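A look at the structure
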Amino acid sequence: MMTRDGGKNRDQIEFTSLDELVPEDHLVRKLENAIDWSFIYEMVKDSYCEDNGRPSLDPVILIKLPVVQYMFGIRSMRQTIQEIKVNMAYRWFLGLGLHDPVPHFSTFGKNYMRRFKDSDLFEQIFQKILKECMEAGLVDESVVFVDSTHVKARANSKKYEDAIVEEQALWYEKELREEIDRDREAHGKKPLKDEPEEPQNDDEEPKPPKDSGKGKPNPNTSKKKKARQMKEKHIKQSTSDPESGWFRKGEHKNVFAYSVQTACDINGVVLGYSVHPGNENDGKTFPGVFEKIQHLNIEVMVGDTAFKTPAIAKKMEELGIALLSTYARPKTKDGFFPKHAYVYDEHFDCYLCPANEILGYSTTNRDGYREYKSDPKICEHCPYLNQCTHSQAHVKVVTRHVWQDAVDEADENRYRYDLKDLYKYRKETIERIFGLAKELHGFRYTQQFGKAQMEVKAALTYACLNLKKLAKKRWKTRPISSLFQLVLDFFPNFPISTQQTRFQLEPKAGLSTV
């Protein structure tokens, strides 16, 4: 029998409360139970006047608006406000009644520009939730996983201009220069001279290129060569969001994006992050995230091959942290010997080539690499010459970084019995974080302009990921009702399933999927 009851209860009047309309196990109840949100008042008190002006929107409601947006993956603040108007759970979480007006969608944006733009409020919120996770026992500081993901910027990939920007100094430049001078002195060579600074005179006309004697300009005077000498580089700069960077991955993914470098523990709790343009290398931006986590008791740092650089390996060695990375295939041209075919002799400080000839030390260059060169008289008649080098002078040059010993130690960590199985957890920790953030929390792209607002998005997204773990943990361990406690007092052997009940005090150990 077909029933026709659709729409007959639309005008029904009921006596109920907003609390009864929110399911008992809804996520917003777990979020409200996880932390005391009044900590926001202390963080924002300097941005408000205590005894003057119109009454403001409650700061807790103001901060909870983007929390709702990022927690439930709503694409924009305008859409978030529309959802709050009709979603009773969102109203309950914000503390709004059934008939209370919902703030305008521009309220958060205006308050951000006028109150919080130049502050670290959202970084403080992230650190507060992280601290709560530590107090709840969710954080394991011994093993840290680092990686970066790219977030598409709000910029048209076809609207850009060619720009010349000054190259930033390397974060390890001072230590590297001191190491180079010590290495050159140990080999009986003079320290490197400081590079002369170019005169800053805008009225001075550039000198014409030198003639190479063959009717053609000298290639050493090209624009790119001059840019390298002046420590400048040519980049694509977006006209919509100049702070983003041109990110290229493969043949089909060429966009302006931001790189978000992230660190987490083995339980998937985000420990720190840093935001950079999408065209910057992970090895150069590593200090941004490491400064936020170096106070932790880190024993092992796990990362991909982008982090296995001489500078990072040396830094980890000095701090007593084991750097664990994966194997990197040698980038050798087809038909040539790979670099591992040349064996380094540490005692005599030389290399042995596949023909068992010696490549002696020549110099240490400004990039920190020792150069070992072969004898051209021997190489000229060598049967392996075409597999070794195509140099017209018949000289093979093998380089070795002054911090290569630290890199070799990082390679050996892959075979340590206590470390070799840790790398496989990347897919369950840092890679899972990126997947969840992009699939469920709108982290594939940003709708804001500029690096500062990208940092706000990263802070709130990672705060929401950590908050979900914290909410799940504290929901299971929250105080049980007095009636249930009375049952346990009279029946101490009352069977309770440790896998289905939320009253267990110690959840099963393992990696969380939240």
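Residues numbered from 1 in each chain as written. Predicted model: local features only at pLDDT ≥ 70, side-chain atom pairs only at ≥ 80, totals over all residues. Heavy atoms only, no water.

Re the layout of surface pockets
The following threshold applies: A cavity here means a set of 1 Å grid points, computed over protein atoms only, where a 1.4 Å probe fits but cannot escape. A pocket is an open set with protein on both sides within 12 Å along at least 5 of 7 lines, and lining residues have an atom within 4 Å of a point. Grid points are joined across faces, edges and corners, and a volume is the space filled by probe spheres set on the points. Secondary structure elements follow DSSP: runs of H or I no shorter than four residues count as helices, runs of E no shorter than two count as strands, and numbering proceeds from the N terminus. All residues other than Ala, Val, Leu, Ile, Met, Phe, Trp, Tyr, Cys, Pro, Asp, Glu, Lys and Arg, Gly among them, are scored as polar; the first ten of these are nonpolar and the last four charged.
Put simply, the second largest pocket is a space of about 1,400 Å³. Together, 35 residues line the second largest pocket, and Ala328, Pro330, Lys339, His340 and Gln404 are the ones closest to its centre. At the level of secondary structure, the elements contributing two or more residues to the lining of the second largest pocket comprise strand 13 (397-401) and helix 15 (404-412). For the lining of the second largest pocket, the leading source of residues is strand 13, giving five residues. Of the residues assigned to the lining of the second largest pocket, the class counts are 16 nonpolar, nine polar and 10 charged.

What to know about helix 2 (residues 27-34)
We apply this condition: A 1.4 Å probe rolled over the protein chains alone gives each residue an accessible area, and that area as a share of the maximum for its type sets the label: buried under 20%, exposed over 50%, partly exposed in between. Contacts are assigned to residue pairs with any non-hydrogen atoms lying within 4.5 Å of each other.
Among all positions in helix 2, only Val28, Arg29, Leu31 and Ala34 are buried. The inward-facing, buried residues of helix 2 contact helix 1 (18-21), helix 4 (59-71), helix 6 (88-94) and helix 17 (451-476).

Looking at the sheet that holds strand 9 (residues 343-345)
Heads up, the rule is: Note on pairing: DSSP must find at least two bridges between two strands before they are called paired. Simply put, an axis is a line fit to the C-alpha atoms, just over the touching stretch for a helix, and the angle between two N-to-C directions goes from 0 to 180 degrees.
Read from one edge to the other, the open sheet built from five strands follows the order 9-10-11-12-13, with strand pairing classed as antiparallel. Taken across any chain shown, the strands that pair with only one partner, and hence form the sheet edges, are strand 9 and strand 13. Put simply, the sheet's adjacent strands are angled 35° from each other on average, direction ignored. Here four bridges tie strand 11 (residues 358-364) to strand 12 (residues 369-373), and the two strands are oriented antiparallel to one another. Bridge pairing in strand 12 places Thr363 opposite Glu371.

With respect to the environment of Arg115
With respect to the helices and strands, Arg115 occurs in helix 7 (residues 107-116). Judged by its relative accessible area of 29%, Arg115 is partly exposed. Arg115 sits 68 residues away from Ser47 along the chain, and the two C-alpha atoms are 5.8 Å apart.

A word on the state of the cysteines
Where we set the bar: Our working definition of a disulfide is a cysteine sulfur pair at a distance within 2.5 Å.
Going through the model one piece at a time under the given rule, you end up with zero disulfides. The structure places no disulfide on Cys353, whose sulfur is separated from the nearest cysteine sulfur, that of Cys382, by 6.0 Å.

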